[in-house]
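Spelled out from the first residue to the last, the chains are:
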Amino acid sequence: MYKSDTTTTAKSAHRQVKSSTTLNRRYVKRPMRSTDVAVTIKKSPKVSHFASPMMASTTTKTAEPIAQAEPHPLQMTANEQMRMRISTNNMNATSGLVSGMTAKQMKDQAIQKALANASQATKSETKTKAHHKMSKMHFGWGRVLLALSCAAVAVVAIVYFVNLNMPDISLRVAAMNTGIEASYPSYVPRDFALTDISSEDGKVTLNFRNSAENKRFTLTEERSSWDSNALLNNYIRTDFAENYATIREQGLTIYIDNSNAAWVNGGVVYKIHAENDVLTKKQIKSIATSL
């Protein structure tokens, strides 16, 4: 019984309707907005550089006049030149009308003048091209002449070189045929020149001639095993006279009889044959030492 009463009391307590505790706007005043609040700021007596509202409202500013812009000097010069050009064109047009020329005549005259200038320019260009062409032709001929000159100089140099070395070349050929070490003298008496070279077994003969005085001498080179004493006993004493001279120069013993001479050097006997008074002893000594 007691339990039943307790349960009934709890249920009835939950089901009981209570009054709301929410604020009712009907009885609560709405809050005020910031715009509805008047804010009063008290001016400080220390601030004195701000104008009062009355002075600000009553003070009026006077508008200053705007100065007129001055044109630039370059613009003034350009305007002046344009005015002068327009004036000149007007004067030319007026003079053309005064002289009786119509606009078509002035146009034709301008066209003719332009054609004349173009024709003159074409002639000048043609003349310039012709000048360049002639210059090229002259340059081409100059190159040809230069090439021919160089070729002629080369031929002359080759001929001179061949003539200068011809005795050595001929002597080498003759030496190959005879099998001896023949040589050409580096000294030849003045006005004498080699005329020919003859060779036979073991001997080479060089013939020299002076065309102006018609003088001749021969130089014979012969392979031999003689020395200077053998040459003296076997050749000098039998072929030379008793008054032969003996000259020793640079290790050589040279036997001289008037314009004839003989000596030995390196297994080769050298002999000079000439008429009387064709060669001097000094020339013979120079020939011998130059071989």
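What counts and what doesn't
Residues numbered from 1 in each chain as written. Predicted model: local features only at pLDDT ≥ 70, side-chain atom pairs only at ≥ 80, totals over all residues. Heavy atoms only, no water. Core = buried A, V, L, I, M, F, W, Y, C linked by side-chain atoms within 4.5 Å. Buried < 20%, exposed > 50% of the residue type's maximum accessible area, 1.4 Å probe, protein only. Helix = DSSP H or I, 4+ residues; strand = E, 2+ residues; numbered from the N terminus. Contact = heavy atoms within 4.5 Å. Pairing = 2+ DSSP bridges. Axes fitted to C-alpha atoms, helices over the stretch in contact; angles between N-to-C directions. Polar contact = N/O pair within 3.5 Å; in protein donor to acceptor, adjacent residues only side chain to side chain.

Caption draft 1: Layout of the nonpolar core. Core analysis: the largest hydrophobic core is formed by 24 residues, its most contacted members being Phe217, Ile254, Trp263, Ile272 and Leu279. Per-element accounting of this core gives the leading share, four residues, to strand β7 (residues 268–274). Not counting residues up to four positions away in its chain, the partners in contact with isoleucine 272 are Phe217, Thr218, Leu219, Ser259, Asn260, Ala261, Trp263, Leu279, Ile284 and Ile287. Leu231, Tyr235, Ile236 and Tyr255 belong to the second largest nonpolar core, which has nine residues in total.

Caption draft 2: Here's a closer look at the sheet that holds strand β5 (residues 252–257). Judged by pairing direction, the sheet is antiparallel, and its seven strands sit side by side in the order β1-β2-β3-β7-β6-β5-β4 without closing on themselves. Only two strands of the sheet have a single partner each, and these edge strands are β1 (193–200) and β4 (245–249). Recorded for the sheet is a direction-independent mean angle of 20 degrees between the axes of neighbouring strands. Here strand β2 (residues 203–210) runs beside strand β3 (residues 215–223); their pairing, made up of eight bridges, is antiparallel. Within β3, the position partnered with leucine 206 by the bridge is leucine 219. Sheet strands touched by helix α5 (residues 228–239): β5, β6 (260–265) and β7. Its angle to β6, the strand with the most contacts, is close to 145 degrees. Of the strands in this sheet, β3, β4, β5, β6 and β7 are in contact with helix α6 (residues 281–290), which crosses β5 at around 145 degrees.

Caption draft 3: Inspection of the side chain of serine 259 at higher detail. In this structure, serine 259 sits in the loop between β5 and β6. Side-chain polar atoms of serine 259 contact the backbone nitrogen of aspartate 277, separated by 3.2 Å. If we ignore the near neighbours within four places in the chain, the residues touching serine 259 are Ile272, Ala274, Glu275, Asn276, Asp277, Val278, Leu279 and Ile284.

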